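# A closer look at the structure
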Amino acid sequence: MDTGSGLQRQGEDTIARTTARIRERPGDDAAHAERATALQDLGRLEEAERDAADAVRLDPDEVRYRELLAAIQSRRGEHADAAAEYARLARRDPRQVAWTVAEAAERMDAADAEKGVEAARRAVRLDPGNFDAQLALARGLIRLGDAVSALPAAKRASDLRPGDPFGREAVADALWLAGREAAAFDEFAALAEEVAGPDRERVLAKARSLYRQRAGWSGRLIAASAAIFAVAFRRGWLTVR
């Protein structure tokens, strides 16, 4: 049996076992939470959310249940609901900066950059040396188009964790926003050599968009093809002035 089949069987066994427990004890919050986790692992997110919500209803004070519910809502694309759940957690214990950072990220994924920045600012005030909080603030300011504030925020995040690709990408985004296209392009070029998979594809897409924005007609022809652009970009043939 391969690993995937084994995990699926394990998840199905957990669902069957917890379902039997819930039949015997309908108010078993722990069983609802365990079943929600198994359903989430199997990608059955709608059912998982119902069980997580039941667990929260049965024991509203259990932090793990609210975290589980928020995580499932985020995976379902219900970012506003997930943000509200993280906000409730943060209000209960403001010292847990991670919840405020999570709220900021969900607000931005819900296309509410303004509220995302508000949450990120709260996180930064709680812990100015927190990389994730500074990064969330930088990303939010970039989405708001606040070039004056975005670049210092991105640099603070990058300084807290030098070399981190997400911090460096935020700096490149902020440079682009500030009109420093050549510096942004150079940063994207350097970063593309160090990341892989979806991260590299995202960086390449940004570099291509920036290059097309600044290039002449011949450059736009190169940028018109993602494959040709990728080759020229990798070989260092392209520059932005």
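Anything mentioned here points back to the structure above.
Residues numbered from 1 in each chain as written. Predicted model: local features only at pLDDT ≥ 70, side-chain atom pairs only at ≥ 80, totals over all residues. Heavy atoms only, no water.

## Here's the deal with helix H9 (residues 147-160)
Taking 1.5 Å of rise per residue, 14 residues should cover 20 Å, and H9 covers 20 Å from first to last C-alpha, within 8% of that figure. For H9, the complete set of buried residues consists of Ala 150, Leu 151, Ala 153, Ala 154, Ala 157 and Ser 158. Contact partners of the buried residues in H9: helix H8 (131-144) and helix H10 (165-177). (Helix = DSSP H or I, 4+ residues; strand = E, 2+ residues; numbered from the N terminus. Expected span 1.5 Å × (residues − 1). Buried < 20%, exposed > 50% of the residue type's maximum accessible area, 1.4 Å probe, protein only. Contact = heavy atoms within 4.5 Å.)

## Digging into the packing of aromatic side chains
Counted according to the given criterion, the structure contains five aromatic pairs. An angle of 85 degrees between the planes, with centres 6.2 Å apart, marks the rings of Trp 176 and Phe 188 as edge-to-face. Note that Trp 176 is positioned in helix H10 and Phe 188 in helix H11 (residues 181-192), a separation of 12 residues in sequence. Measuring from ring centre to ring centre gives 5.4 Å for Phe 185 and Phe 233, while their planes differ by 80 degrees; the resulting arrangement is edge-to-face. (Phe/Tyr/Trp six-rings, centres within 6.5 Å; stacked < 30°, edge-to-face > 60°.)

## Some remarks on the layout of surface pockets
Roughly 360 Å³ of internal volume is contained in the largest pocket. Around the largest pocket, the lining is made up of 16 residues, and of these Met 108, Leu 135, Ala 136, Arg 139 and Arg 143 lie nearest the centre. Of the residues forming the lining of the largest pocket, the biggest block, six residues, is contributed by H8. Looking at side-chain class alone, the lining of the largest pocket contains eight nonpolar, no polar and eight charged residues. (1 Å grid on protein atoms, 1.4 Å probe; cavity = no way out; pocket = protein on both sides within 12 Å on 5 of 7 lines; lining within 4 Å. Points joined across faces, edges and corners; volume = space filled by probe spheres on them. Nonpolar A, V, L, I, M, F, W, Y, C, P; charged D, E, K, R; others polar.)

## A look at the nonpolar core
Counting 46 residues, the largest nonpolar core has Phe 185, Phe 188, Tyr 211 and Phe 233 as the members making the most contacts within it. Those elements that provide at least two residues to this core are helix H6 (97-109), helix H7 (113-126), H8, H9, H10, H11, helix H12 (197-214) and helix H14 (226-234). Ranked by the residues each element gives to this core, the list is headed by H8, at eight residues. For Phe 233, the contacting residues outside a window of four places in its chain are Phe 185, Phe 188, Ala 189, Ala 192, Leu 204, Ala 207 and Leu 238. Ranked by size, the runner-up nonpolar core spans 13 residues in total, among them Ala 33, Ala 48, Tyr 65 and Leu 69. (Core = buried A, V, L, I, M, F, W, Y, C linked by side-chain atoms within 4.5 Å.)

## Brief notes about unusual backbone geometry
Positioned with a positive phi, Ala 111 is a non-glycine residue whose angle comes to about 65 degrees. One can find Ala 111 in the loop between H6 and H7.

## As for the packing of helix H3 (residues 45-58) against helix H4 (residues 63-75)
Close contact between H3 and H4 brings their axes to 9 Å; oriented N to C, the two are set at 155 degrees. It follows that H3 is roughly antiparallel to H4 by the angle criterion. You can see that H3 and H4 cross each other, and the crossing is left-handed. Two secondary-structure elements touch here, H3 through Leu 45, Ala 48, Glu 49, Ala 52, Ala 53, Ala 55 and Val 56 and H4 through Tyr 65, Arg 66, Leu 68, Leu 69, Ile 72, Gln 73 and Arg 75. A class-by-class count of the residues in the contact of H3 with H4 yields 10 nonpolar, one polar and three charged. (Axes fitted to C-alpha atoms, helices over the stretch in contact; angles between N-to-C directions. Parallel < 35°, antiparallel > 145°, perpendicular 65-115°, else oblique. Left-handed = near helix turned anticlockwise from the far one by under 90°.)

## Let's talk about the packing of H11 against H12
The packing of two helices is summarised by the inter-axis angle and the distance between the axes. Packing of H11 against H12 brings their axes to within 9 Å, and their N-to-C directions diverge by 150 degrees. Taken together, the axes of H11 and H12 lie roughly antiparallel to each other. Crossing of H11 over H12 shows left-handed handedness. Residues Glu 181, Ala 184, Phe 185, Phe 188, Leu 191 and Ala 192 of H11 pack against Arg 200, Val 203, Lys 206, Ala 207, Leu 210, Tyr 211, Gln 213 and Arg 214 of H12. For the contact of H11 with H12, a count of residues per class yields nine nonpolar, one polar and four charged.

Honestly, that's just the spatial picture; any functional story needs more than this.
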